[in-house]
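Coordinates in review
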Amino acid sequence: MNVDRLQACTRFLVRQRIRFMVNQYEVHTEAQGGSEGELVAFAQQKRLAFKEEVTLYSDTDKKNPFLRFKARKRIDLGATYDVTDAAGQPIGTFKKDFAKSLLSSTWHLEQPGLGVTTGSERSRAVALLRRGWEFIPFVSNLPFAWPYHFDFVAGDQVVFSVDKKFGLRDRYVVDIRDPRLDRRLVIAQAIALDALQSR
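Here is a short report on the structure shown in this document. (Residues numbered from 1 in each chain as written. Predicted model: local features only at pLDDT ≥ 70, side-chain atom pairs only at ≥ 80, totals over all residues. Heavy atoms only, no water.)

**As for unusual backbone geometry**
One non-glycine residue, Lys62, lies in positive phi territory at about 60 degrees. Mapped onto the fold, Lys62 is located in the loop between β4 (53-57) and β5 (65-71). (Helix = DSSP H or I, 4+ residues; strand = E, 2+ residues; numbered from the N terminus.)

Laid out in C-alpha cells, this is it:
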C-alpha cells in the first residue's frame with residue numbers, strides 16, 4: 001500500500017502472534033463489518049534485545065521493508081525511539097515517560113511540524129488494576145490480554161487512540177482523528193505500546 005492510500009485510512013487493526021523468542025505483529029486496514037482488511041505491515045521483535053530495534057515490512061515474507069523504529073541508547077527506560085522509512089528518512093520519534101508511567105503509562109510522540117502528542121491510559125483505575133494483576137502469581141501468567149485504552153492528545157484534542165481488546169491474544173483497534181498525522185508513525189507507536197510496554 002502506498003503512502004497516499006495509507007494516509008487516507010482512519011482505522012487499523014493490530015494483532016500479535018506469539019512465536020518462540022519473538023513477538024510478531026500484523027497491521028491491517030479494517031474491512032466492512034469490522035474484520036481484517038488489507039495487510040499494511042508485518043513486524044517482528046526479538047525478545048530480550050539490549051538495544052531495541054523493530055523493522056516493519058509490507059509483507060509477511062519480510063522482503064519489503066516498510067519502516068523501522070530504533071532506540072537511541074541501550075537499555076534505557078526513558079529511551080527515545082527514532083522512526084524512519086524504508087530509505088532511512090526520519091518520520092518522527094516517540095518515548096516513554098518513565099516517571100509518569102509508574103502510575104499510568106504515558107508516551108510522547110513527535111512528528112516534525114506538528115509538535116508533541118502525549119498518550120496516556122484513559123482510566124487511572126484500570127492502569128492500577130493492570131499493575132496489581134501483574135504481581136499475582138499464576139494469575140498473571142494466564143493466556144489472555146488485560147485490556148487498556150490510550151488516548152493521544154495534542155492541546156485538548158484527542159488525535160488518535162489505541163484500544164487493546166480483552167481476549168486470548170493481544171488485539172488492538174487504532175482510531176486516527178487528525179488527518180495530518182503520519183499513519184506510519186502511528187502504526188509504529190501502536191506496536192511499541194505492546195512490544196515495549198514492560199520496559
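**Section: the sheet that holds strand β11 (residues 157-165)**
As summarised here, the arrangement of the 12 strands in space is β1-β2-β3-β4-β5-β6-β7-β8-β9-β10-β11-β12, forming a closed barrel in which the pairing is antiparallel. Between one strand axis and the next, the sheet turns by 20 degrees as a mean value, whatever way the strands run. As defined by bridge partners, strand β1 (residues 11-19) adjoins strand β2 (residues 22-30) across 8 bridges and the pair is classed as antiparallel. Its bridge partner being in β2, Arg19 is matched across the sheet by Val22. (Pairing = 2+ DSSP bridges. Axes fitted to C-alpha atoms, helices over the stretch in contact; angles between N-to-C directions.)

**Some thoughts on the side chain of Gln24**
Counting through the fold element by element, Gln24 comes out in strand β2. Using a relative accessible area of 10% as the deciding quantity, one classes Gln24 as buried. At 2.7 Å, the side chain of Gln24 forms a polar contact with the side chain of Gln44. Every residue in contact with Gln24, bar those within four places of it in the chain, is listed here: Arg15, Gln16, Arg17, Arg19, Phe42, Ala43 and Gln44. (Buried < 20%, exposed > 50% of the residue type's maximum accessible area, 1.4 Å probe, protein only. Polar contact = N/O pair within 3.5 Å; in protein donor to acceptor, adjacent residues only side chain to side chain. Contact = heavy atoms within 4.5 Å.)

**Examining the pattern of salt bridges**
For the coordinates displayed, the defined rule picks out 10 salt bridges. Taking the shortest distance from any N to any O, the salt bridge between Arg11 and Asp175 comes out at 2.6 Å. In this pair, Arg11 is assigned in strand β1 and Asp175 in strand β12 (residues 171-176), connecting sequence segments 164 residues apart. A relative accessible area of 32% means that Arg11 is categorised as partly exposed. Judged by relative accessible area, Asp175 falls into the buried class, the value being 18%. (Salt bridge = Lys/Arg side-chain N within 4 Å of Asp/Glu carboxyl O.)

**Re the environment of Met1**
Residue position: Met1 is located in the segment before α1 (3-7). Judged by relative accessible area, which is 28%, Met1 ranks as partly exposed. Taking the C-alpha atoms as reference, Met1 lies 7.7 Å from Ser58; in sequence the two are 57 residues apart. The contacts of Met1, once residues within four sequence positions are left out, are Leu6, Cys9, Thr29, Glu38 and Val40.

By themselves, these are just geometric observations and shouldn't be taken as functional.
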